[in-house]
2 protein chains.
Amino acid sequence: MSTFSIRGGFQDIVASSRVRLARNLRGYRFGRQSAETLRELTDKVWDALQTAPSLAATFTRTEIVPNTAEAQRLVENHTISPALAQAGGWALVSADGGVSIMIGEEDHLRLQVMGAGLCPRECLAEAQRLSTLLESRLPFAFDERLGYLTACPTNLGTGLRVSVMLHLPMLTATHAMNHVVNWAGRQGCTLRGAFGEGTAAEGGFYQLSNQITLGMSEEMLCQRLTEMATQLLESEQKARQTMRERDENALSDRLYRAAGTLLTARLLSTDEAERALSDVLMGVQLSMLTGVTAPELYAVMRELRPASLVLAAGRDLSSRERDEARATLVRARLRGLWNGLNV
Amino acid sequence: MSTFSIRGGFQDIVASSRVRLARNLRGYRFGRQSAETLRELTDKVWDALQTAPSLAATFTRTEIVPNTAEAQRLVENHTISPALAQAGGWALVSADGGVSIMIGEEDHLRLQVMGAGLCPRECLAEAQRLSTLLESRLPFAFDERLGYLTACPTNLGTGLRVSVMLHLPMLTATHAMNHVVNWAGRQGCTLRGAFGEGTAAEGGFYQLSNQITLGMSEEMLCQRLTEMATQLLESEQKARQTMRERDENALSDRLYRAAGTLLTARLLSTDEAERALSDVLMGVQLSMLTGVTAPELYAVMRELRPASLVLAAGRDLSSRERDEARATLVRARLRGLWNGLNV
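Because the structure is predicted, anything quoted here is derived from the model rather than measured. (Residues numbered from 1 in each chain as written. Chains lettered and ligands numbered in written order. Predicted model: local features only at pLDDT ≥ 70, side-chain atom pairs only at ≥ 80, totals over all residues. Heavy atoms only, no water.)

Asker: Please give an account of the interface of chain A and chain B that cites residues and values.
Answerer: Residue-level contacts link 24 residues of chain A with 24 residues of chain B. Taking both sides of the interface into account, the surface hidden between chain A and chain B amounts to around 2200 Å²; carbon and sulfur atoms contribute 55%. If you look at where chain A meets chain B, you find four salt bridges. A salt bridge links A:Arg320 to B:Asp247; the shortest N-O distance between them is 2.5 Å. The tally of links between chain A and chain B comes to 14 residue pairs in polar contact (both at pLDDT 80 or more). Considering every element that reaches the side of chain A that touches chain B, the biggest residue donor is helix 8 (residues 218-264) of chain A, with 11 residues. Split by residue class, the side of chain A that touches chain B holds nine nonpolar, six polar and nine charged. (Contact = heavy atoms within 4.5 Å. Buried area = accessible area lost by both parts, 1.4 Å probe. Salt bridge = Lys/Arg side-chain N within 4 Å of Asp/Glu carboxyl O. Polar contact = N/O pair within 3.5 Å; in protein donor to acceptor, adjacent residues only side chain to side chain. Helix = DSSP H or I, 4+ residues; strand = E, 2+ residues; numbered from the N terminus. Nonpolar A, V, L, I, M, F, W, Y, C, P; charged D, E, K, R; others polar.)

Below, the structure written as structure tokens:
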């Protein structure tokens, strides 16, 4: 995945922002469709895209075959949802991976726009442009009173899900997360592990997203999420500052050891690599480690995931082979960190 | 402590060899003496040493004051026994630390000679030269039938204790040590942690020593211990070779991670440092790690012990301050390893 064309602030602390619009077409029943209908829907969307030829030219049309490394890699990169990878369907994906149209999820269409850093509003604007473009050719199911109709009532109205991926390792370490999760809940938002519902927060990465889609404008939802993310980032910064003032040496110890592990290990599990990369990222954010940038670290985090490794190798890899390939990849990518360590 | 003047083979795998002769003087009761008598004995030994002026010139006379960092440092370097450091007394120590005469241990005199590598016989020859020199001036308690008389009957006869410090990390890792300890016992020898009775085998360092002092010549005792040490070293080599053939990558992972920890940590406990240095030492022995030599690693292992750190700092250090000083020392000493890692 190349870097997204949409970019916001805080790119070192906010991995990405994401906006997803749920849309359904009149004339088709709600919910899961047959393979034939999915292909038909995909053809229609693909045709509608062609009304903007310069945009359409950047898109690739990919059939999502369940349980394949390619489907898994798209999930690892957040290009498609785990549900689509499991059920199968189609994805139309822009060249930078930042825009994807999923066909085969619980709604007929899910338009997703991703950007680097804190940029929900920029993502929303892009998603709305895409929705408007498609709506000019496709009859979206819309109710004057309820708004966009969706398969699941939780998406009714704007059909909007906004989410921001935050790097909160120090709040995690200081056991403040329970408090923070409750705080988000009281404001109609959820905070959970980086890969969505039911996943652990590997390396202190959390996804903050809205729960409510009804009764608030899209812009207001984005605005609220941006404000909440900003507050969380400030808390995280404060926790880091406190830790640094109280015991800089213990903090250095943690960050440097993480760098040492990544630069010397010959076998690395995904979990260990993510935890160590999270610490190195914190070191870079605090200017305590140098020689590598936050975007470079985010790129390594994508590359080291199982399906990405398998696709890079061009063949199936055993768990042990992946651990070896991961360690080799990480050492190669972090050579600059090595030079910056200055033992 | 500087490097010993006596040197044998296997200097990379055998940290040191040591020979100790127990001697007592006629005219004094056996066992612990008053402070006054200890000083008197020390004067006599010191005077006797002067009959060989060039030898005497290399010796320093040190009062051992219990519970001081200096006494503890001498124990850490194996220059004096823990018992002498606890009871207090005197030590006459050669410039390289290789020869020490302890006054105040359970016998009136304990002559100790230490060398690098596998060299019990060379150490014995030096200890016997020293004993003969002292005996020309001091009336040693000797019985025609029993040999040298000692405070404890286990030392009766030759009064000889031979020990060899072996680095057996792979036998430790493969859980073969119980078997090996029993094997040594059946041959009248003991195998225990590096710092003698009651200490754990930190980083896979073991001390092999004879139990029997009676009914065998000094030369035969040394010969037997050397043979047993050689067998253990061969078993260790074989275990390493097996591990390397079976899973070289897992072995590399272990050795490189140890190097990474030592080169990046800002806080290091003695235990963690010893374990990691033991692995790095194994890496050097297997030519899998470069840029540092086994004798350099042995030197760091001595320097990083608590009392040595305190004396180097010139002031008392808290446990936390020692962990910081240890990490700083290790990074400074292992800079060559860093360059040799070649990430």
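Asker: Can you explain the pattern of salt bridges? Please cite residues and give values.
Answerer: Residues and elements named next belong to chain A. In total, this model carries 34 salt bridges over all chains according to the counting rule given. The shortest N-O distance in the salt bridge between Glu-324 and Arg-320 comes to 3.0 Å. With Glu-324 and Arg-320 both in helix 12 (residues 319-333), this residue pair falls four residues apart, about one helical turn. Three or more residues joined by partner-sharing salt bridges are found here, namely Glu-105, Glu-106, Asp-107 and Arg-110.

Asker: So what about the sheet that holds strand 4 (residues 99-103) of chain B? Which residues, and what values?
Answerer: All names here are of chain B. Spatially, eight strands are ordered 2-3-4-5-1-8-10-9 in an open sheet, and the strand pairing comes out antiparallel. Strands with a single pairing partner mark the edges of an open sheet, and in this sheet they are strand 2 (59-64) and strand 9 (189-193). When strand polarity is set aside, the average angle formed by the axes of neighbouring strands in this sheet is 20°. One ladder, built from five bridges, connects strand 9 with strand 10 (residues 205-210); its direction is antiparallel. Its bridge partner being in strand 10, Arg-192 is matched across the sheet by Gln-207. (Pairing = 2+ DSSP bridges. Axes fitted to C-alpha atoms, helices over the stretch in contact; angles between N-to-C directions.)

Asker: Break down the packing of aromatic side chains for me, citing the residues and quoting the values.
Answerer: Enumeration over the complete set of coordinates arrives at seven aromatic pairs over all chains. Here A:Phe142 and A:Tyr148 contribute two aromatic rings whose centre-to-centre distance is 4.8 Å and whose plane-to-plane angle is 70°, an arrangement assigned as edge-to-face. We classify A:Tyr148 as buried; its relative accessible area is 12%. With 6.2 Å between their ring centres and 65° between their planes, B:Phe205 and B:Tyr298 make a pair best called edge-to-face. Of the two residues, B:Phe205 sits in strand 10 while B:Tyr298 sits in helix 10 (residues 294-303), which places them 93 residues apart along the sequence. Overall, the relative accessible area of 8% leaves B:Tyr298 in the buried class. The residue whose ring lies beneath B:Arg61 is B:Trp90, and the NZ or CZ to ring-centre distance is 5.0 Å. In this structure, B:Arg266 packs its charged tip against the face of A:Tyr256, placed 3.6 Å from the ring centre. (Phe/Tyr/Trp six-rings, centres within 6.5 Å; stacked < 30°, edge-to-face > 60°. Buried < 20%, exposed > 50% of the residue type's maximum accessible area, 1.4 Å probe, protein only. Lys NZ or Arg CZ within 6 Å of the ring centre and 35° of its normal.)

Asker: Give a description of the environment of A:Leu251 that names residues and reports values.
Answerer: All names here are of chain A. Following the sequence through the fold, Leu-251 ends up in helix 8. What makes Leu-251 buried here is its relative accessible area of 0%. When neighbours within four sequence positions are excluded, Leu-251 is seen to be in contact with Met-170, Met-243, Arg-244, Leu-286 and Met-288.

Asker: Go over the relation of the copies chain A and chain B with me, naming the residues and quoting the values.
Answerer: Overlaying chain A with chain B gives an RMSD of 0.0 Å, the required rotation being 180° about an axis along which the chain moves by 0.0 Å. As the rotation angle and translation indicate, the two copies are arranged about a two-fold axis. Nearest to the rotation axis, the C-alpha of A:Gly260 is located 2.3 Å from it, this being the minimum over chain A. Counting the interface residues of chain A, we find that 100% of their copies in chain B are interface residues as well, pointing to one common contact surface. (Least-squares fit on C-alpha atoms with pLDDT ≥ 70 in both.)

Asker: So what's going on with the sheet that holds strand 3 (residues 89-94) of chain A? Residues and values would help.
Answerer: Whenever strands of a sheet pair, they do so through backbone hydrogen bonds, lying parallel or antiparallel. All names here are of chain A. Strand order in the open sheet formed by eight strands is 2-3-4-5-1-8-10-9, and the pairing between neighbours is antiparallel. The open sheet has two edge strands, strand 2 (59-64) and strand 9 (189-193), and neither has a second partner. Put simply, the sheet's adjacent strands are angled 20° from each other on average, direction ignored. Each of strand 9 and strand 10 (205-210) touches helix 7 (residues 177-186); the most contacted strand, strand 9, lies at about 145° to it.

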